[in-house]
Amino acid sequence: MKRVLVLLVAFLSFYNLSATHIMGGEITWECISDPADPNVGQYIFKMKLYRDCDGTTLSTFPQTLEVWNHPSVTAITLDWILSTDISPDCNVGNSGNVALDCINNPVGAVEEYIYESQPIALPGSPPANGWHFTWDSCCRNGAISNLVLSSTTNPSEGFTLRASMYPYIDASGNPVPADPCFDNSPKFNESPQTIICTGYPFSYTPNASDIELDSLVYNWDEPLDDMLFGTPYNPPLNPVPLPFVGGYTFNSPLPGGVVLDQQTGEISYNSNISGNFVSVIRIDGYKCGQQISSIYREIQAVLIGCPLLPNGQTNLPPVITPPFPANPNPYYQIVSAGDLVSFSINAVDNDVYTGNIPQDVILEITGGQVSDNYIDTSLCDNPPCATFVNNAGQIPPISNPQIVDGIFEWQTACSHVATDDGCGNFSNIYTFAIKAYDDFCPANAITFGTITIEVTAADSLPAPDLDCAWESDNGDVTFNWNASLGASPSTIYNIYGAVNIGGPYNLLASVNHPIN
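These numbers come from a predicted model, not from an experiment.

Tallying each qualifying case throughout the model produces 12 salt bridges. Across the pair arginine 162 and aspartate 221 runs a salt bridge whose closest N-O atoms are separated by 3.2 Å. Residue arginine 162 is located in strand β7 (residues 159-165), and its partner aspartate 221 is located in strand β12 (residues 215-221); the two are separated by 59 residues in the primary sequence. Where aspartate 214 meets lysine 287, a salt bridge forms, and the shortest distance between an N and an O atom there is 2.9 Å. Here lysine 287 lies in strand β15 (residues 275-287) and aspartate 214 lies in the loop between β11 (208-209) and β12, a separation of 73 residues in the sequence. On the basis of relative accessibility, which here comes to 7%, the residue aspartate 214 falls in the buried class.

Along the chain, serine 117 falls in strand β5 (residues 110-117). Residue classification places serine 117 among the buried positions, given a relative accessible area of 4%. Separated by 2.9 Å, the side chain of serine 117 and the backbone nitrogen of phenylalanine 45 make a polar contact. Those residues in contact with serine 117, other than ones at most four positions away along the chain, are Tyr43, Ile44, Phe45, Ile76, Thr77 and Leu78.

Here the focus is the environment of phenylalanine 159. Relative to the elements of secondary structure, phenylalanine 159 occurs in strand β7. Overall, phenylalanine 159 belongs to the buried group, its relative accessible area being 1%. Residues phenylalanine 159 and aspartate 225 lie 66 residues apart in sequence; the distance between their C-alpha atoms is 5.0 Å. If near-sequence neighbours (up to four positions away) are discounted, phenylalanine 159 is found in contact with Ile22, Met23, Gly24, Trp135, Asp136, Ser137, Cys139, Arg140, Leu224, Asp225, Asp226 and Glu298.

Under the defined criterion, the tally for this structure stands at six disulfides. With its sulfur 1.5 Å from that of its partner, cysteine 138 forms a disulfide with cysteine 139. Between cysteine 138 and cysteine 139 the sulfur-sulfur dihedral comes to about 60°; the bridge is accordingly right-handed. A relative accessible area of 3% means that cysteine 139 is categorised as buried. Shown here is the disulfide that connects cysteine 197 with cysteine 306, its sulfur atoms set 1.9 Å apart. Its S-S torsion of about -80° marks the bond between cysteine 197 and cysteine 306 as left-handed, since a negative value means left-handed. With a gap of 109 residues between them, cysteine 197 in strand β9 (residues 195-197) and cysteine 306 in the loop between β16 (290-304) and β17 (319-320) connect regions that are remote in the sequence.

Cut-offs used in this document
Residues numbered from 1 in each chain as written. Predicted model: local features only at pLDDT ≥ 70, side-chain atom pairs only at ≥ 80, totals over all residues. Heavy atoms only, no water. Salt bridge = Lys/Arg side-chain N within 4 Å of Asp/Glu carboxyl O. Helix = DSSP H or I, 4+ residues; strand = E, 2+ residues; numbered from the N terminus. Buried < 20%, exposed > 50% of the residue type's maximum accessible area, 1.4 Å probe, protein only. Polar contact = N/O pair within 3.5 Å; in protein donor to acceptor, adjacent residues only side chain to side chain. Contact = heavy atoms within 4.5 Å. Disulfide = S-S within 2.5 Å.

Following this line, the structure appears as structure tokens:
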């Protein structure tokens with residue numbers, strides 16, 4: 001009897017695996033750097049999976065990341081944390097169309113699953129070809145439009161998600177040990193856009209950032225089949241890349257003239273073709289010119305022909321006002337460390353429902369430098385953080401009929417130029433994604449404004465104008481000076497003193513402008 005039960009469980013597990021429609025996912029890792037944390041110096045690995053709600057639900061049991069090329073760590077256990085329906089939130093009553101959701105209208109709806117490891121150490125240093133972390137499974141959705149699959153109903157082709165960690169060579173020519181950890185992977189700040197109406201120009205960015213301010217480069221990459229059992233990870237032999245149908249390639253995976261900006265990650269296209277389209281974005285992280293990481297996001301975009309508005313017109317996305325209209329690129333600004341970056345953003349949507357009811361317009365922002373609660377300048381990767389509220393102090397998502405506004409403020413500092421590894425960088429690039437969307441069903445019309453701010457080292461300032469100095473009866477010395485013309489709020493005055501004019505001089509105090 002026991003043998004029969006075991007066979008039955010095995011059959012059910014296989015059935016669930018085969019009936020699941022995985023749409024993609026991503027693997028990242030976090031380095032625990034808080035010295036007060038008992039697990040400081042260890043890693044936490046995270047995986048997100050996206051599924052088509054028309055298929056079987058994914059498992060909430062622990063998942064296994066396979067580790068390749070490491071001498072002692074061969075697998076990492078990931079515990080299920082959370083599942084969330086990420087289908088568009090829209091206005092059923094005014095639009096007159098049904099919303100997508102995983103329970104009531106699952107065809108086209110999408111659910112996100114999050115898995116996370118316990119803290120784990122990775123002794124040693126990655127070899128030249130890196131450590132690789134993979135998760136694979138069957139099966140893909142047979143309705144995919146741009147891949148050659150074995151079946152349109154139950155294809156055998158599967159998935160392999162991956163991420164890679166490479167060695168970092170220090171100034172002495174030695175590889176830096178990965179235990180304790182010293183680097184986080186890049187992270188995606190923007191959720192994938194999986195359900196999109198056709199018929200208008202669309203743009204999107206995964207908007208990645210890196211805590212250590214490593215340089216990031218975006219590229220397309222190939223979707224992979226699942227792994228051959230018992231065979232080491234060695235692409236393109238195992239797993240093999242999946243071929244594209246005619247007219248599509250891994251670096252042109254979407255219809256409508258798709259373009260990828262390698263610096264900002266913005267993806268733009270204008271499709272009139274509906275279907276399910278697979279794409280893979282790779283983000284490479286560079287520290288001092290050395291590639292130290294690669295993360296991948298695979299996603300299946302569902303392009304649908306949405307219903308028309310009551311007036312017979314296509315529902316169009318809101319229009320965002322550029323923040324720097326006088327610049328050659330109105331979404332790009334160069335500032336000196338210490339400058340305050342401040343601008344207003346508004347988005348307008350003139351589409352209306354029956355009875356001339358305006359659509360609600362929603363405004364959001366993402367970015368590694370955006371405050372976690374949008375108002376506290378200490379809650380981000382590298383404070384001071386950017387804040388974002390509307391005129392009434394409301395935080396995102398900010399919503400209003402027809403027109404919505406937000407105010408962005410970011411006090412830059414010298415820490416936004418320097419890096420932890422001492423590469424001698426004189427500037428750093430930061431991206432912020434402003435997303436504006438309407439409440440149309442079944443899919444919101446969305447527009448992104450990808451704002452790039454380059455922070456450069458501040459110019460040297462002239463010596464301050466010393467006004468006077470005096471000594472009190474108790475021996476205290478007071479200095480009074482006028483701030484240097486053009487000094488920013490992040491300027492620091494270092495005061496040195498010595499017994500003799502020839503020195504040696506010792507640092508007595510450091511004072512921030514505008515305190516005198």
